[in-house]
Amino acid sequence: MIRRRSTPWIHKWSRPLIAAIAGLGALTTGYLAIEKLTGRSAACVAQAGVKGCNDVLSSPWATVFGQPLALFGFLAYTGMVVLALAPLAVNREQNSQLRSQLENWTWLLLLAGAIAMSVFSGYLMYLLAFQIKALCPYCLGSAFFSLSLLVLTIIGRTWEDIGQIFFTALIVGMVTLIGTLGVYAGVNQSVSTSGSTSSKPGKISFTPKEEPKPGVGWEITTNSGEAEIALARHLKKIGAKEYIAWWCPHCHEQKLIFGKEAYSELDSTDCVSADNPRIPKDVCVAAKIEGYPTWIINGKSYSGVQNLTELAKVSDYKGPSNFQYFK
């Protein structure tokens, strides 16, 4: 008597597992998309001296085609959930042929989707480590979900043609990478100004090479454009306030993003004096300022260096937005 070979447990549970992991990814990216669209800050434990989740969300890489990148991530994860569960909705006994066809087609689509998401996540990890230089648990979690989906898709069924996996991986991987580089071409060509004056759009990365002047700080070496000045005047008009410390490098980074001319238009309060550089002034204590820089806009507090696109969004600014610098 020929005994029928039992189905491995991973083959039985692969689709529910894929749906569950993709569901977690959808929840994560959906949450980030909502926070980005509403101008709020994501819940993230910040560490001193280390950029966090909100720095990632306010970076130029966090927006694609004018929409939050997290929104596209949510759609991708949701699509994986649908593909994983679609065949399970068909009763095998009543319509085995349709069920079989759905399984074959959705496995191919799941494989292609998992490969594309893994390649894209890998590129985002590169940006996180070497460009933005931030620690973002949500981003790391999403990358882990994508890689897990790829592993489960490969081992979750018996592939009759192993070459099909490699061929699909090669084609989808190349298309995804080329597409990703194309989407981010404008951002990646930006020039890092390292705190110096530049007429080109670029990333601000300030590393102090000298001690700040007591009570003043470092010299602002970037020039403002029309958009920066217009935003600064708008912020002052609506009563937005910035709280800084003259010795704070991050505060100077914020100044560089605005540029010399625009920053002079802002309502900025230095919370410490030259004589007592570590003791905050009463006005800052009353405003409950816990770190520098901190923005108070329309009654809400925003901590850390803010890109001007974020300040424009939370302040309902409608003027020119061709800002020159970002962090």
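Residues numbered from 1 in each chain as written. Predicted model: local features only at pLDDT ≥ 70, side-chain atom pairs only at ≥ 80, totals over all residues. Heavy atoms only, no water.

K.L.:
How should I be thinking about the overall build of the protein chain in this particular structure?
P.N.:
Counting secondary structure elements, the protein chain contains twelve helices and eight strands. Relative to the 2.2 N^0.38 estimate, which gives 20 Å for 327 residues, the radius of gyration of the protein chain is 25 Å and therefore markedly larger than a compact globule would have. Once the C-alpha set of the protein chain is aligned to its principal axes, its extents read approximately 95 × 40 × 35 Å. Within the protein chain, the proportion of its 327 residues that are buried is 43%. Across the protein chain, the fraction of contacts at a sequence separation of at least 24, relative to all contacts at a separation of at least 6, is 76%. In the form shown here, the protein chain has an accessible surface area of approximately 17900 Å², with 60% of it arising from carbon and sulfur atoms. Charge-centre separation for the protein chain: the mean point of 29 positive side chains lies 9 Å from the mean point of 22 negative side chains. (Helix = DSSP H or I, 4+ residues; strand = E, 2+ residues; numbered from the N terminus. Rg over C-alpha atoms; globule rule 2.2 N^0.38 Å. Buried < 20%, exposed > 50% of the residue type's maximum accessible area, 1.4 Å probe, protein only. Contact = heavy atoms within 4.5 Å. Areas by Shrake-Rupley, 256 points an atom, 1.4 Å probe, with all protein chains shown as cover. Lys, Arg positive; Asp, Glu negative; His and termini not counted. Charge placed at Lys NZ, Arg CZ, Asp CG, Glu CD.)

K.L.:
Got a minute to help me understand unusual backbone geometry in this structure?
P.N.:
Residues other than glycine predominantly adopt negative phi, and peptide bonds predominantly adopt the trans conformation. Here the bond from Y292 into P293 is cis, since omega is -5°, no more than 30 degrees from zero. In this model, N298 sits at a positive phi of 50°, which is unusual for a non-glycine residue. For N298, the position within the fold is in the loop between β6 (294-297) and β7 (300-303). The exposure class assigned to N298 is exposed, which follows from its relative accessible area of 54%. Positioned with a positive phi, D316 is a non-glycine residue whose angle comes to about 60°. Here D316 is to be found in the loop between α12 (308-314) and β8 (325-326).

K.L.:
I keep staring at the environment of S301 and nothing clicks. Help me out?
P.N.:
If you trace the backbone, S301 turns up in strand β7. With relative accessibility at 46%, the residue S301 sits in the partly exposed group. In this structure the C-alpha to C-alpha distance between S301 and P208, which are 93 residues apart in sequence, comes to 27 Å.

K.L.:
Help me out: how do you make sense of the confidence of the model for the protein chain in this one?
P.N.:
In low-pLDDT regions, the fine details of the predicted coordinates are not to be read closely. Of all residues in the protein chain, 92% attain a pLDDT of 70 or more, and the chain-wide mean is 88. Residue range residues 190-200 is modelled with pLDDT below 50. Its contacts to residues more than four positions away, or to other chains, number 30 contacts. (pLDDT = per-residue confidence, 0-100.)

K.L.:
Any chance you could explain the packing of aromatic side chains here in plain terms?
P.N.:
Between two aromatic rings, the relevant description is the distance of the centres plus the angle of the planes. Tallied over the entire structure, the rule returns twelve aromatic pairs. When the centroid spacing of 5.9 Å and the interplanar angle of 40° are considered together, the rings of Y123 and Y126 count as tilted. In this pair, Y123 and Y126 both sit in helix α4 (residues 96-132), three residues apart, roughly one turn of the helix. Judged by its relative accessible area of 38%, Y126 is partly exposed. Ring geometry for Y317 and F323: centres 6.4 Å apart, planes at 35°, overall tilted. (Phe/Tyr/Trp six-rings, centres within 6.5 Å; stacked < 30°, edge-to-face > 60°.)

K.L.:
Looking at this model, I keep getting lost on the sheet that holds strand β5 (residues 268-270). Mind explaining?
P.N.:
Across a sheet, paired strands are connected by hydrogen bonds in the backbone, their directions being either parallel or antiparallel. Ordered by their spatial adjacency, four strands build an open sheet running β5-β4-β6-β7, and the pairing between neighbours is mixed. A strand with exactly one partner marks an edge of an open sheet, and here the two such strands are β5 and β7. In this sheet, neighbouring strand axes are inclined to one another by 20° on average, regardless of whether the strands run parallel or antiparallel. As defined by bridge partners, strand β4 (residues 241-244) adjoins β6 across three bridges and the pair is classed as antiparallel. (Pairing = 2+ DSSP bridges. Axes fitted to C-alpha atoms, helices over the stretch in contact; angles between N-to-C directions.)

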